[in-house]
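A closer look at the structure
Residues per chain, in single letters:
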Amino acid sequence: MLRPWLRQSSRAARALTCPQCRQPYSSTYNSLSSTLSQSGRYLQTSTTESQERVPLRKQLKQNAKALKAEKRQRREDEEASRQKWELTVGIEIHAQLNTKHKLFSRAPTSSTDLPNANIALFDLAFPGSQPEFQVPTLLPALRAAIALNCDIQPVSRFDRKHYFYQDQPAGYQITQYYEPFARNGHVDLFGHDGVAPEDGDHVRIGIKQVQLEQDTAKSQEYPPSTQLLDFNRVSHPLIEIITMPQIHTPATAAACVRKIQAILQSCSAVTTGMELGGLRADVNVSIRQRGDTASAHQYGGIGGLGQRTEIKNLSSFKAVEDAIIAEKNRQIAILESGGVVEGETRGWTIGSTETRKLRGKEGEVDYRYMPDPDLPPLIIGADLVSELAKTLPTSSDKLIGLLTGKEYGLSIDDAKPLVELEDGARLEYYQDVVDILRDLQQDQDPKSRGGLGRVAGNWVLHELGGLLTKADLPWDAERVPASSMAQIIDHLQRKRITGPTAKQVLAMVFDGDSRAIPQLLEEESLLLRPLSREEYTALAEAAISQNPQMVEQIRTKNQFGKLGWFVGQMMRMGEKGRVEAPKADAILRELIFKESP
Amino acid sequence: MSLLREAERCVANQKSHVALNAFITALQPSGQWREQVKNAALRTKQGTPKSKVDGRLIAIKDNICTRDLPTTCASGILEKFTSPFHATVVEHLEDAGAVVAGKTNLDEFGMGSHTVHSRFGPVKSSRQDLDTESLSAGGSSGGSAVAVATDQCYAALGTDTGGSVRLPAAFTGTIGFKPSYGLISRWGVVAYANSLDTVGILGRNTASVRDVFNVVNRHDPRDPTNLSPFSRSRIHSYLQSPSYASRLASTPLRIGVPTEYNISELHPSIRRAWSRSLAYMRKQGHSIHAVSLPTTKLALSAYYVLAPAEASSNLAKYDGVRYGTRYGGPDSDGQSEGNLYANTRGYGFGSEVKRRIVLGAFSLSADAMDNYFIQAQRVRRLVQLDFDAVFRTKQPLLSPGSHTESAPNHTGVDILICPTAPSPPPRISKLINSDIAASPLDAYMNDIFTVPASLAGLPAISVPVTVSDEHQDSSDAGLAGVQIVGQYGDDELVLKVGELLESRKF
């Protein structure tokens with residue numbers, strides 16, 4: 001516990017005593033240091049000297065060790081409290097729908113235009129104006145609900161939720177409180193989705209309902225007394241997704257939000273994610289002692305829960321996780337000290353360690369929900385639902401299952417990014433490469449053809465991905481056409497080129513070389529002309545003679561790892577692109593161990 | 001009389017009757033109206049009038065939006081508000097050649113039964129009692145009714161949420177027609193209680209009311225509660241079937257008399273007007289049948305739960321931020337942010353509006369919702385079923401596919417005849433003088449006969465009849481409003497029966 005404090009003080013002391021640091025401030029330094037040394041006792045104890053004497057390397061090691069111990073301690077504490085207390089979390093996610101028009105007017109949804117440019121009379125709640133439900137907004141909402149495995153309700157209705165705020169022109173928000181358009185869905189979370197290890201490999205979180213509703217205006221504060229309002233966003237169609245209180249770990253809660261965002265994006269129900277404010281989450285957190293089912297509270301039809309609090313407006317996955325951890329710990333601390341958790345609304349600031357109270361139960365708003373008397377019920381035909389269900393893209397769960405299956409043989413770590421990257425564009429490219437490659441390799445034996453999916457995955461994701469990252473370029477499927485990629489891999493598979501050559505050719509195409517692959521290989525004479533055994537032996541002997549002591553180590557200490565170094569030497573010495581690593585390795589072993597007694 | 005002379009006389013009357021306070025915004029003598037009327041007169045002379053109301057001055061209740069004149073709703077919060085758009089009904093009227101005769105006074109946002117709750121002062125009826133005390137014009141469309149009664153316009157638009165067109169008609173001796181809910185567009189009509197609000201028409205005779213009705217009775221896609229063209233034609237063909245089309249034309253009517261309306265509080269003069277009207281109809285060959293509408297007793301209470309609930313929601317938008325009058329000083333008195341617009345709303349709204357906002361906020365609150373709002377909705381459904389049980393025709397919207405007369409209710413009645421209000425108009429002084437002022441409940445009692453048709457969305461008309469009393473010589477004392485209520489969609493029959501009774505003297 002003392003260490004962080006000491007470190008802090010030493011840093012502060014150093015900053016003040018280091019002669020290089022104070023040069024620009026030499027005129028003020030004296031007075032500053034004198035006031036500090038008078039008030040700050042720890043400066044006079046001068047821990048600096050003893051600290052300075054510890055070698056940096058040692059100190060770093062110590063720090064890491066302490067941090068590790070601290071983490072272990074925290075983990076143990078966590079585990080102990082987890083054994084005793086059960087956390088229950090339900091999430092409400094608000095997502096901006098990908099639509100052209102607002103929910104109840106024909107004004108465009110673009111909120112990037114000039115402030116207050118896209119507003120209709122109804123959006124500003126002008127007297128005498130009435131809502132005009134925009135039917136097309138239903139399509140992304142339905143896609144989302146279907147992707148979340150919901151039952152679409154044939155009849156749903158709109159209600160008014162009343163509260164006064166300047167970003168809410170009508171004094172109420174139109175939502176679907178009593179009869180939402182979708183119910184009883186679920187989202188599946190797997191290990192690769194980031195669920196907490198203690199939750200196992202698969203968790204299914206129920207979706208209680210999905211409802212359509214209006215967004216609010218954007219208000220901008222200019223302290224002390226100016227508020228600017230931009231009504232472009234007002235009445236942008238939103239869906240609110242309410243999960244069942246079936247989440248019991250902070251990590252799984254974050255995974256749930258992440259997964260729902262990915263699902264919404266994959267079916268084009270939303271345009272932007274959390275990072276751009278297109279998605280916001282509220283979480284309901286409660287705690288109860290494990291095994292205690294006598295608690296009085298019930299949410300979403302699940303009884304026996306502890307008193308919950310709501311944390312509003314979380315705008316990142318990390319905020320979701322951190323806020324839940326903080327709130328869980330706060331509630332446990334209250335309960336362990338014999339207190340009572342109050343039902344209240346709390347807020348979270350990014351980077352903080354505690355949630356803060358926004359309003360208590362007594363300040364709780366009574367929203368006075370009332371069916372909207374201007375809006376007729378929303379009647380959704382089964383034919384529309386089944387048509388949309390048919391045209392919905394395959395779910396990522398299904399795609400990942402397919403990619404990690406026998407046909408493609410990808411690892412989960414490769415399958416997941418492939419599905420998620422660039423909205424499926426990378427996956428499409430991968431599919432093209434695999435198709436062309438399989439076609440090219442038709443003459444090959446089935447066993448080697450079976451591994452093509454994995455090989456292609458490696459090239460598309462890591463080799464091509466690496467080039468993109470290095471060049472800091474966005475994805476472009478045309479940069480290295482799928483057919484070129486497939487031909488490069490085909491040549492490599494047939495051992496017509498070496499691995500390094502393949503990478504070199506890929507880089508050339510990536511950088512704009514538009515020659516056909518065979519022509520390029522020909523003209524740059526990159527095709528493998530296999531070395532003769534004699535040539536390999538000569539290279540190997542040359543390498544060995546340069547480093548006899550390493551050879552000795554391999555021989556006597558079985559340090560086979562050092563063979564790789566010799567292989568590298570051979571490749572460097574040999575003609576570019578002609579030395580094949582496996583062959584070089586074989587010759588080396590032969591030479592090194594042949595002479596051993 | 002030529003169109004121009006008629007218009008000039010209306011404008012002159014607006015000036016001479018200014019003390020009645022019927023208009024919030026009257027026409028300027030030098031206004032554009034003169035050109036418009038002249039053009040209409042020319043069209044009429046050439047035999048090509050745009051419609052039957054071409055060149056007529058039609059007054060508009062000030063809760064219906066007009067682009068050129070302010071729309072105040074008689075509220076402080078919209079005192080200087082001019083809408084950026086025309087209500088659909090105003091557009092229809094102008095397209096038909098009619099000229100807006102100004103904006104008439106009303107109870108703030110339509111909430112009231114005597115047009116005394118106005119930021120611009122109460123409306124006085126031109127009628128006086130024997131002591132020459134001014135009488136209530138009824139409300140909330142009192143300004144429109146008085147404007148019609150005193151020839152300040154040809155006809156007027158009002159709005160009727162629970163009787164706001166019919167009650168003023170009854171009190172001023174004019175015709176007040178509330179059509180079936182959903183026939184006339186509400187786009188641009190400032191909402192009080194959307195599920196009940198209906199644009200109504202006031203005129204000196206049923207023929208003029210029908211002429212205006214024919215202009216504004218059109219589908220409007222901007223009003224989501226407006227009846228679709230499909231439903232309109234369905235209702236039309238249903239009522240065109242022989243046995244319904246022949247009513248009044250060749251077969252006598254079966255007239256229903258709801259026994260529950262014969263309450264002990266019914267003023268004798270009103271009861272007399274009612275029974276004489278029925279006797280007259282019987283003499284014309286129609287048959288009279290006692291019918292029961294058992295839920296009537298609950299209707300008024302249900303109305304005063306539902307209407308304020310919707311009002312509290314609709315009026316939440318008036319915060320002075322985007323339009324309307326904002327309170328001069330700081331809005332929250334330095335209080336917490338919970339009181340965002342406290343002063344703007346506190347000073348902007350009148351007492352009756354505030355009362356109904358509080359009532360509505362209460363009945364929608366989580367603890368009261370089930371016992372008040374939901375319960376009242378159930379009553380509303382029962383009221384509707386009551387009516388369906390007594391009418392010969394069916395509620396055409398409830399029985400889709402029954403274009404033809406599938407199993408008509410042979411014992412049912414074609415029309416109901418009952419009083420519009422339980423008593424003659426009270427003195428304004430009695431309503432305003434706070435010492436003897438009646439409680440709001442007394443004012444609510446005036447709506448007891450008009451509210452049921454509003455809850456069920458049915459067409460209803462109030463027409464004046466006069467009963468001469470041997471003991472009194474004042475011809476005015478026996479004036480009373482008789483209400484005719486029809487099944488949903490049966491608006492034309494309601495107008496026809498109104499025509500039979502209007503201005504009868506018994």
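Residues numbered from 1 in each chain as written. Chains lettered and ligands numbered in written order. Predicted model: local features only at pLDDT ≥ 70, side-chain atom pairs only at ≥ 80, totals over all residues.

- Naming follows an unreviewed UniProt entry, where chain B appears as Glutamyl-tRNA(Gln) amidotransferase subunit A, mitochondrial of Aspergillus coremiiformis.
- Looking at chain B in UniProt, the text filed under Catalytic activity (unreviewed entry) is "L-glutamyl-tRNA(Gln) + L-glutamine + ATP + H2O = L-glutaminyl-tRNA(Gln) + L-glutamate + ADP + phosphate + H(+)".
- Per UniProt, chain B has the following entry under Subunit (unreviewed entry): "Subunit of the heterotrimeric GatCAB amidotransferase (AdT) complex, composed of A, B and C subunits." (UniProt positions renumbered as here; feature names shortened; annotations may be inferred.)

- Going by the annotation in an unreviewed UniProt entry, the name recorded for chain A is Glutamyl-tRNA(Gln) amidotransferase subunit B, mitochondrial, with Aspergillus coremiiformis given as the source organism.
- Its UniProt record, at the heading Subunit (unreviewed entry), says of chain A: "Subunit of the heterotrimeric GatCAB amidotransferase (AdT) complex, composed of A, B and C subunits."
- According to its UniProt record, chain A has this under Catalytic activity (unreviewed entry): "L-glutamyl-tRNA(Gln) + L-glutamine + ATP + H2O = L-glutaminyl-tRNA(Gln) + L-glutamate + ADP + phosphate + H(+)".

1. Quick notes on the overall build of chain B
- The number of helices and strands found in chain B is 17 helices and 14 strands.
- Over its C-alpha trace chain B gives a radius of gyration of 22 Å, about what one expects of a compact globule, namely 23 Å for 506 residues.
- The dimensions of chain B, computed from C-alpha atoms along their principal axes, are 70 × 65 × 55 Å.
- Out of the 506 residues belonging to chain B, those deemed buried represent 56%.
- A sequence separation of at least 24 residues applies to 77% of the contacts in chain B between residues at least 6 apart. (Helix = DSSP H or I, 4+ residues; strand = E, 2+ residues; numbered from the N terminus. Rg over C-alpha atoms; globule rule 2.2 N^0.38 Å. Buried ≥ 20, exposed ≤ 12 C-beta atoms within 10 Å, placed from the backbone. Contact = placed C-beta atoms within 7 Å.)

2. Remarks on the overall build of chain A
- For chain A, the helix and strand inventory stands at 22 helices and 18 strands.
- Across its three principal directions, the C-alpha atoms of chain A cover 95 × 80 × 55 Å.
- Residues classed as buried in chain A amount to 37% of the 597 residues present.
- Of the contacts made within chain A by residues no fewer than 6 positions apart, 70% connect residues no fewer than 24 positions apart.

3. With respect to helix H9 (residues 268-283) of chain B
Residue and element names in this part refer to chain B.
- In a regular helix each residue adds 1.5 Å, so 16 residues correspond to 22 Å; H9 covers 22 Å between its end C-alpha atoms and thus fits that length.
- Among all positions in H9, only Ile270, Ala273, Trp274, Arg276, Ser277 and Met281 are buried.
- For H9, the secondary structure elements touched by its buried residues are strand S9 (254-258), strand S10 (287-291), strand S11 (415-419), strand S12 (460-466), strand S13 (479-486) and helix H17 (491-501).
- Gly285, located one to two residues past H9, shows a positive phi value of around 100 degrees. (Expected span 1.5 Å × (residues − 1).)

4. Focus on the pairing of strand S1 (residues 85-96) of chain A
Residues and elements named next belong to chain A.
- Examined bridge by bridge, S1 and strand S11 (residues 279-289) share 11 bridges and lie antiparallel to one another. The partner of Trp85 across the bridge, within S11, is Gln289.
- One ladder, built from five bridges, connects S1 with strand S10 (residues 237-243); its direction is antiparallel. Along S10, the bridge assignment pairs Gln96 with Leu238. (Pairing = 2+ DSSP bridges.)

5. Looking at unusual backbone geometry
- Omega for the peptide link from Pro223(A) to Pro224(A) comes to 5 degrees, which places this bond in the cis form.
- For Arg368(A), which is not a glycine, the phi torsion comes out positive at approximately 45 degrees.
- Along the chain, Arg368(A) turns up in the loop between strand S16 (356-359) and strand S17 (370-371).
- Phi angles above zero are rare outside glycine, and Leu248(B) is one such case at about 70 degrees.
- Inspection of the secondary structure assignment puts Leu248(B) in the loop between helix H8 (242-245) and S9.

6. Some thoughts on helix H8 (residues 250-266) of chain A
Residue and element names in this part refer to chain A.
- Between the first and last C-alpha of H8 there are 24 Å, a value that for 17 residues agrees with the 24 Å anticipated at 1.5 Å per step.
- Burial within H8 is extensive, with 14 of its 17 residues counted as buried.
- The positive-phi residue at the C-terminal boundary of H8 is Ser268, with phi of around 50 degrees.

7. With respect to the UniProt feature "domain: Asn/Gln amidotransferase" (unreviewed entry) in chain A
- Under the UniProt annotation, the feature "domain: Asn/Gln amidotransferase" (unreviewed entry) is placed at residues 428-592 of chain A.
- Helix makes up 70% of residues 428-592 of chain A and strand makes up 0%, while its end C-alpha atoms are separated by 48 Å.

8. Examining the UniProt feature "active site" (unreviewed entry) in chain B
Residues and elements named next belong to chain B.
- If you check UniProt for "active site" (unreviewed entry), the listed places come out as Lys61, Ser140 and Ser164 in our numbering. The greatest C-alpha distance among the residues just named is 11.1 Å, despite their covering 104 residues of sequence, which places them together in space.
- Mapping Ser140 onto the fold places it in the loop between strand S5 (134-136) and helix H4 (142-149).
- Discounting chain neighbours no more than four positions away, the residues touching Ser140 are Leu106, Asp107, Gly110, Met111, Gly112, Thr115 and Ser164.
- Summarising the element assignment, Ser164 is placed in the loop between strand S6 (155-160) and helix H5 (166-172).
- Setting aside residues up to four positions removed in sequence, Ser164 forms contacts with Gly110, Gly139, Ser140, Ser141, Gly158 and Thr159.

9. Re the environment of Tyr347(B)
Residues and elements named next belong to chain B.
- Among the structural elements, Tyr347 can be located in helix H11 (residues 342-348).
- In this structure Tyr347 comes out as partly exposed when scored by C-beta crowding, with 15 C-beta atoms within 10 Å.
- Measuring from C-alpha to C-alpha, the distance between Tyr347 and Gly328 comes to 10.0 Å, with 19 residues separating the pair along the chain.
- Residues within four places of Tyr347 in sequence aside, it is in contact with Gly76 and Tyr327.

10. Considering the interface of chain A and chain B
- Taken together, the contacts link 25 residues of chain A with 32 residues of chain B.
- When grouped by side-chain class, the residues that make up the side of chain A that touches chain B number 15 nonpolar, five polar and five charged. (Nonpolar A, V, L, I, M, F, W, Y, C, P; charged D, E, K, R; others polar.)

11. Some words on the nonpolar core
- Counting 217 residues, the largest nonpolar core has Ala145(A), Val283(A), Val320(A), Ile58(B) and Cys153(B) as the members making the most contacts within it.
- Broken down by element, this core gets its largest block of residues, 10 residues, from helix H10 (residues 296-314) of chain B.
- Excluding its chain neighbours within four sequence positions, the residues that come into contact with Ala145(A) are Cys150(A), Ile152(A), Phe181(A), Ala182(A), Gly185(A) and Val210(A).
- Formed by 34 residues, the second largest nonpolar core is a distinct cluster that contains Leu410(A), Val433(A), Leu437(A) and Leu464(A). (Core = buried A, V, L, I, M, F, W, Y, C linked by C-beta atoms within 7 Å.)

12. Quick notes on the confidence of the model for chain A
- Mean pLDDT over chain A stands at 85; residues scoring 70 or higher make up 90%.
- Confidence drops under a pLDDT of 50 for residues 1-49 of chain A, and excluding neighbours within four residues, the segment shows 18 contacts in the predicted structure. (pLDDT = per-residue confidence, 0-100.)

13. A few points about the domain arrangement of chain B
All names here are of chain B.
- For chain B, the assigned domains read domain 1 (3-228) and domain 2 (230-293 + 404-505).
- Using C-alpha coordinates to define each centre, domain 1 is positioned 22 Å away from domain 2.
- At the junction of the two partners, domain 1 supplies 41 residues and domain 2 supplies 39 residues.
- Taken together, the elements giving at least two residues each to the side of domain 1 that touches domain 2 come down to strand S4 (124-128), S5, H5, strand S7 (175-178) and helix H6 (206-216). (Domains from an automatic or database assignment.)

14. Quick word on the packing of H10(B) against helix H12 (residues 351-364) of chain B
Residues and elements named next belong to chain B.
- Two numbers describe how H10 lies on H12: the axes approach to 7 Å, and their chain directions differ by 100 degrees. As summarised for this structure, H10 and H12 are arranged roughly perpendicular, according to the angle between their axes. Between H10, through Val305, Pro308, Ala309, Glu310, Ala311 and Ser312, and H12, the contact on the second element is made entirely by Arg356, Ile357, Leu359, Gly360, Ala361, Ser363 and Leu364.
- When its residues are assigned to classes, the contact of H10 with H12 shows eight nonpolar, three polar and two charged. (Axes fitted to C-alpha atoms, helices over the stretch in contact; angles between N-to-C directions. Parallel < 35°, antiparallel > 145°, perpendicular 65-115°, else oblique.)

15. Looking at the sheet that holds strand S5 (residues 172-175) of chain A
Residue and element names in this part refer to chain A.
- Pairing within the open sheet is antiparallel, and its three strands lie in the order S5-S4-S17. Single-partner strands in this sheet number two, and they are S5 and S17.
- Where strand S4 (residues 159-162) lies against S17, two bridges are found, and the strand directions are antiparallel. Bridge assignment links Asp159 to a residue of S17, and that residue is Pro371.

16. What to know about the packing of helix H13 (residues 425-440) of chain A against helix H16 (residues 482-493) of chain A
Residue and element names in this part refer to chain A.
- Remark: H13 packs on H16, axes separated minimally by 8 Å, with the N-to-C direction vectors making an angle of 50 degrees. Of the possible angle classes, the one that applies to H13 and H16 is oblique. Crossing of H13 over H16 shows right-handed handedness. Contact residues: Tyr429, Asp432, Val433, Ile436, Leu437 and Leu440 in H13; Ala482, Ser483, Met485, Ala486, Ile489 and Asp490 in H16.
- Of the residues in the contact of H13 with H16, the class split is nine nonpolar, one polar and two charged. (Left-handed = near helix turned anticlockwise from the far one by under 90°.)

17. Regarding the pairing of S10(B)
All names here are of chain B.
- Of the pairings in the sheet, the one linking S9 to S10 comprises five bridges and is parallel in character. Opposite Pro258, over in S10, you have Val291 as the bridge partner.
- Regarding the hand of the β-α-β motif, the stretch spanning S9, H9 and S10 is right-handed. (Right-handed = clockwise from strand over helix to strand, strands pointing away.)

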